[in-house]
Each structure stands twice: as structure tokens, then as C-alpha cells.
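Analysis of the macromolecular model
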Amino acid sequence: MGVISSEKYTRTLKSLANRRVVAVFFLGFASGLPLALAGGTLQAWMTVEGVDLKTIGLFSLVGLPYALKFFWAPLLDRYALPFLGRRRGWILGTQLALIILIIMLGFTSPKDTPWLVALFALLLTFTSASQDIVFDAYRTDVLREKERGLGAAVSVTGYRIAMLASGALALILAGPLGWRLTYLLMAGLMLIGTMATIFGPEPEETVCPPQSLKEAISGPLTEFFGRPAAWAFLALIILYKIGDAFAGSLTTAFLIRGPGFSIGEVGAINKGLGLMATIIGALYGGVMLARLGLYRSLMIFGILQAISNLSFMVLAYAGKVYSIMVAAVAFENLAGGMGTAAFVAFLMALCDHRYTATQFALLSALASLGRIFVGPPSGYLSHEVGWVIFFFVTFLAALPGLALLYKMRRNINSLEHLQDADDKHSSP
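Since we're looking at a predicted model, the values are computed, not measured. (Residues numbered from 1 in each chain as written. Predicted model: local features only at pLDDT ≥ 70, side-chain atom pairs only at ≥ 80, totals over all residues. Heavy atoms only, no water.)

Residues separated by three or four positions in an α-helix point in the same direction, a consequence of the helix having 3.6 residues per turn. Along its 30 residues, helix α9 (residues 148–177) runs 40 Å from first to last C-alpha, staying within 8% of the 44 Å computed at 1.5 Å per residue. Its axis deflected by about 45 degrees at A170, α9 carries its strongest bend there. Once α9 finishes, G178 follows within two positions and takes phi at roughly 90 degrees, a positive value. (Helix = DSSP H or I, 4+ residues; strand = E, 2+ residues; numbered from the N terminus. Expected span 1.5 Å × (residues − 1). Bend = angle between axes of the 7 residues up to and from the residue.)

Summed over all chains, the structure comprises nine salt bridges. Between R87 and D141 there is a salt bridge, and its shortest N-O distance comes to 3.0 Å. Here D141 lies in helix α8 (residues 114–142) and R87 lies in helix α7 (residues 85–106), a separation of 54 residues in the sequence. For the pair shown, R87 and D141 are each scored as buried. The salt bridge partner of K241 is D244, with a shortest N-O separation of 3.5 Å. The pair K241 / D244 is uniform in exposure class, with both members buried. (Salt bridge = Lys/Arg side-chain N within 4 Å of Asp/Glu carboxyl O. Buried < 20%, exposed > 50% of the residue type's maximum accessible area, 1.4 Å probe, protein only.)

With that settled, consider the nonpolar core. Core analysis: the biggest nonpolar cluster contains 60 residues, and I237, L294, F346, L350 and I412 have the highest contact counts within it. With 10 residues, helix α17 (residues 322–350) is the largest single contributor of residues to this core. Ignoring sequence-local partners within four residues, the contact set of I412 consists of F233, L236, L294, Y295, L298, F346 and L405. (Core = buried A, V, L, I, M, F, W, Y, C linked by side-chain atoms within 4.5 Å. Contact = heavy atoms within 4.5 Å.)

Next up on the list: the confidence of the model for the chain. Across the chain, the average pLDDT comes to 85, with 92% of residues at 70 or higher. Confidence, read as mean pLDDT per element, is least for helix α1 (residues 2–17) in the chain (51) and greatest for α7 (94). Below pLDDT 50 for its whole length, residues 419–428 participates in 20 contacts with residues either more than four positions away or in separate chains. (pLDDT = per-residue confidence, 0-100.)

A few words now on the side chain of T278. Within the fold, T278 resides in helix α15 (residues 263–292). Excluding residues within four positions of it along the chain, T278 makes contact with R160, N333 and G337.

Below, the discussion takes up unusual backbone geometry. Excluding glycine, most residues fall at negative phi; most peptide bonds, likewise, are trans. Within the chain, L84 stands out as a residue other than glycine whose phi angle is a positive 60 degrees. Tracing the sequence through the fold places L84 in the loop between α6 (73–78) and α7. Since its relative accessible area comes to 25%, L84 is described here as partly exposed. With a phi angle near 65 degrees, A229 is a residue other than glycine that sits in the positive phi range.

Glancing now at the environment of L124. Among the structural elements, L124 can be located in helix α8. Residue L124 is classed as buried on the basis of its relative accessible area, which comes to 1%. In this structure, the C-alpha to C-alpha distance between L124 and I99, residues 25 residues apart in sequence, is 9.3 Å. Discounting residues that sit within four places of it in the chain, L124 has contacts with P34, L37, A38, L98, L101, I102 and L105.

Right, let's get into the environment of L405. On the secondary structure map, L405 appears in helix α20 (residues 387–407). Measuring from C-alpha to C-alpha, the distance between L405 and F225 comes to 19 Å, with 180 residues separating the pair along the chain. Other than its neighbours up to four places away in sequence, L405 contacts L236, Y240, Y295, L298, M299 and I412.

Right, let's talk about the packing of α9 against helix α10 (residues 179–199) for a bit. Between two packed helices, the angle of one axis relative to the other and the distance separating the axes together describe the packing. For the pair α9 and α10, interaxial distance at closest approach is 8 Å and the crossing angle is 140 degrees. Taken together, α9 and α10 sit at an angle that is classed as oblique. Every pair of crossing elements has a handedness; the one defined by α9 and α10 is right-handed. When α9 is examined against α10, the residues A165, S166, A170, L171, L173, A174 and L177 are found in contact with a partner set consisting of W179, L181, T182, L185, M186 and L189. Here the contact of α9 with α10 is composed, by residue class, of 11 nonpolar, two polar and no charged. (Axes fitted to C-alpha atoms, helices over the stretch in contact; angles between N-to-C directions. Parallel < 35°, antiparallel > 145°, perpendicular 65-115°, else oblique. Left-handed = near helix turned anticlockwise from the far one by under 90°. Nonpolar A, V, L, I, M, F, W, Y, C, P; charged D, E, K, R; others polar.)

Printed below as a string of C-alpha cells:
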């Protein structure tokens, strides 16, 4: 047993150190960095500058490209820039454009030229969403089957670290350095991503891309819906993390209004400890996925996600007990991180390499529907039935996804072998 454990540990270290996983980590960082610069950090800058709340509220619309990115994803599947291959060329192009846009945004004034800030912020989110499209495709294409879980985990880790840098760190630096210099520093951090793009490896399998824009648009849908259980896969994508999203939609509000923790306590524990637990959970889930396989990982991590919602039910019943709060937050974020690693690996396994950009953009957009639509009913439900019953309902909401996952276990297991067959079929 000791020899086996040692061998598995050695393989894990080698996986962490290989060029594909390292590149995916730093590209995950580049993917997460622009988000806050056009969102929360920009909102804080506008608030400090005295911009009225109505205008600040309207600025939330600049985030629409993230939700609509599947509309132009076929263009990135069909066409390639004349350098660095089909995926890395687009990634580098969007990264250079992001650096320029972040710098230009830093030289604007939210108070004096809000329309110019809005234009640059919208261009920033559009370019960032485009980078996300091609990064998701590159990650799916470059990682080997056994690396998908770990690759998903390290990309989520890089993404979270980048959000912390462009969010909390940027706000801390803005005081002594000013907003302009802060944005210039954030633009400099994007160079980390450009280096990863330049030195990152090309996918090992060569596939024939769409030969026309019509094929790039219709091909991903025709290919996906030509599979057995296509509609069941779509239902599973929506349902798998619905319970987690249901509970997470009101976690912060619950901790403040329910047990009565202070904003500082919620920030330190729910945000600080929660971030660390998510990263640890994602990395551990990625490592375990290579050992357990896709179906067992999805099932085990999904069960843990559902049970973690019950820990908040216990907290709601117990009241303001710090030990229970720490345990609940840590458990929920650990399970959520593991579930995310397996879920992203699942989405990657569903993609045909000819149409990765479009299919992943569509599937990830479908997955986000649950997070969007559970928000309004969660507020009404918690108000009507109280926090204890609310979190029990979020536990129940996770069960249909787990039941469907069990019913589809053979289909999920087949995905681990389907990708190799698709690659051979797609090779020119």
C-alpha cells in the first residue's frame, strides 16, 4: 500500500508540474483578472468619485457579454489568427487588447466622462469574455483525459487568485497609489497570462476545424443533439449544482440577518476562509477525480455539496455559534470546490474538439441559468418559511440532480472513452 500511495503521490506531483497544467493555471489567472476591473472595483471607484447611484446601477449592464458570449463563439472556432495556433493566437490577441483597454480605462474619469468609462468597460468585458471562450476551448483541447480534473482545479484556483488581486488588492492599493496607477499595475499583471500563452504547449491531437461559418454555427448543435441522451445531459448540467447555487444565493444575507454575525466576521470567515476552502477543495477534487473517475467524482462530490447545505440549517437552528459557522463555511466551500472541479471536467468531456469554443460556451451558459433563476424565489422562500426550512429545501433541491446522475451513470462512464474516439474521427 505504501508503494502504491507513493507512486500515486509522485504522479500527482508530475501532473502539477507539467507544462499543460502550469499553462492552464496562469491562463486561469488571466481569465479572472479583468472581471472585477469592470465590475466591483470600477463600482468602488465610481462611488468614491461621487457618481450617482442610478448611473452606477446602469453600469452593471457592461457585464452582459459574459452571459452572451456563445453568440460569437462560432467565429473563434471557425477562424484562426496567423500565429500561435488555433487557440493560443486568439488568447494572445485578446490579452494584448485587454492590457490596452485596462490602461485606457485607468486614464479616464468616472465623474467627468462616464460615457467614455462605460465604452471602455464594455469593450473590456467583451474582450475578456472572448478570452474566456478561447481559454475554455484551449483547456479542453490541451489537457489529457486524466488531467481534466486537475486542470479544472488549477484554472479555478488561478481565477480566484486573480479576482482577489483585481478586487481586494486593487481596492487596498487605490488608497495610497490612486486609481490610475492601480489600473496600470493590474494591466501589468496581465503579462503573466501573455507569457503563459506564448510558452504554453499546443494540443497534442490535431483536428479539422469547421470549414465554413455555417458549419461553425450548426455543427456544434448537430453533433451534440446527435448523441444518445443529449437532452438528459442538458438537464443534468442545469440540475447538478442547483442546490449549491440555491443556498449560496443568500449565504451572506443569512449570516448577517440570521445568527447576527457582524460584517467584519462575515468578511473574514465567509469570504476569507471560504476562498481558501474553495481553492483547497478544487485542488483536492481535481486530484481525486483522476483516481475515482468522472462518474464517481460527480456523485461523491455532489452528495457532499447537498449535505453541506444542511450544515447551514444546523447553524440557523443553533444561532450565533462561531465554531458552527466556521465548520459550515469551510465544509460548504470545500464541497463546492470539489464539485466545481468535477463539473468543469464533465463539461470538457462533453465537448467535441472541432467545436470546443462554441459547445463549452453554450454548456457553461446553460449551467449558469440555475444560479440566475434561483435568486428571486430564494428570497421569498426564506422570508416565508424561515432559515432552517429554507436550507433544508436547498438540500432537497440537490436530490433530483443526483438521481438523474445515478440514472445516467453508464452515459457518464462512456464519456471517459468517447473523447479519444472523437479525436480519431476528427483527425485530418
